[in-house]
Amino acid sequence: MKTSPRLTTLAVLAFGALTGCYYDVETELYPGGDCSAITPGYTSHVEALIAEQCAGCHAGSAPSGGLSLEYYGQIRDAALSGAIEDRISRSAGDPLLMPPNGPLNACDIEAFVTWVADGAPEN
Ligand code: HEC
């Protein structure tokens, strides 16, 4: 049987559109709290999240608030003390919210909280 080239093109376009939408939704919007795309571990998620969202201010010789979040041990200590969770869980407009231009998206917060509940391992 001969497959019509137009049908094949259509199928490819439809597949691209569908997977494209799914990808956009997962990474940008996290609808309905479906955070299954994220594995909540240190090396799989938390390390990059802190580096991207926090270390710009919380690193170097004069970190903001006197808090350095550059290395695992520093991140673990601040995480287990509850200080990070307290700051990232605040509402937009709260002067204590971190990052100051936040909040982080709900799935990043959930992944972080899950990792801390696991004891903040270097996993
Ligand atoms: C644009 C710069 C900036 C970014 C980005 C930023 N912070 Fe901060 N952070 C500050 C400043 C300035 C302070 C000190 C003022 C205050 O306590 O709000 C602070 C204070 C804190 C404190 C309290 C420290 C203490 O012991 O009093 C915590 C915890 C914190 N930040 C966590 C984070 C986390 C986690 C992120 C990333 C999700 C982050 N911050 C991103 C600037 C930043």
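Bringing the site of the ligand into the picture now. Lining the immediate environment of the ligand, one finds 15 residues, of which C54, C57, H58, R87 and M98 sit closest. Between the ligand and the protein, one listed contact pairs a nitrogen atom with a side-chain N or O atom of H58 at 2.7 Å. Within the side chain of R87, a nitrogen or oxygen atom sits 2.7 Å from an oxygen atom of the ligand. For the shell around the ligand, the element with the most residues is helix α4 (residues 83-88), which contributes 4 residues. The class makeup of the residues in the shell around the ligand is 10 nonpolar, 4 polar and 1 charged.

Helix-helix packing is characterised by the crossing angle of the two axes and by the distance between the axes. One way to put it is that helix α2 (residues 42-53) packs onto helix α5 (residues 106-117) with a least axis distance of 10 Å and a crossing angle of 120 degrees. With respect to α5, the element α2 is oriented oblique. Here α2 runs over α5; the crossing is left-handed. Residues Y42, H45, V46, L49 and I50 of α2 lie in contact with α5, whose contacting residues are D108, A111, F112 and W115. Residue composition of the contact of α2 with α5, grouped by class: 7 nonpolar, 1 polar and 1 charged.

With an omega dihedral of -10 degrees, the bond running from M98 to P99 counts as a cis peptide bond. Note on placement: P99 falls in the loop between α4 and α5. With omega at 5 degrees, the peptide bond leading from G102 into P103 counts as cis. Within the chain, A120 stands out as a residue other than glycine whose phi angle is a positive 55 degrees. Within the secondary structure, A120 sits in the segment after α5.

Its location among the elements puts G60 in the loop between α2 and α3 (72-80). Spatially, the C-alpha atoms of G60 and E70 are 8.0 Å apart, while their sequence positions differ by 10 residues.

Under the criterion given, the structure shown has 1 disulfide. Each disulfide pairs two cysteine sulfurs, and for C35 the partner residue is C107, the sulfurs being separated by 2.1 Å. Across the disulfide from C35 to C107, rotation about the S-S bond amounts to roughly -80 degrees, and the bridge is consequently left-handed. In this pair, C35 is assigned in the loop between α1 (5-29) and α2 and C107 in helix α5, connecting sequence segments 72 residues apart. By relative accessible area, which is 10% here, C35 ends up buried. The exposure class of C107 is buried, given its relative accessible area of 1%.

Rules of the game
Residues numbered from 1 in each chain as written. Predicted model: local features only at pLDDT ≥ 70, side-chain atom pairs only at ≥ 80, totals over all residues. Heavy atoms only, no water. Near = heavy atom within 4 Å. Polar contact = N/O pair within 3.5 Å; in protein donor to acceptor, adjacent residues only side chain to side chain. Helix = DSSP H or I, 4+ residues; strand = E, 2+ residues; numbered from the N terminus. Nonpolar A, V, L, I, M, F, W, Y, C, P; charged D, E, K, R; others polar. Axes fitted to C-alpha atoms, helices over the stretch in contact; angles between N-to-C directions. Parallel < 35°, antiparallel > 145°, perpendicular 65-115°, else oblique. Left-handed = near helix turned anticlockwise from the far one by under 90°. Contact = heavy atoms within 4.5 Å. Disulfide = S-S within 2.5 Å. Buried < 20%, exposed > 50% of the residue type's maximum accessible area, 1.4 Å probe, protein only.

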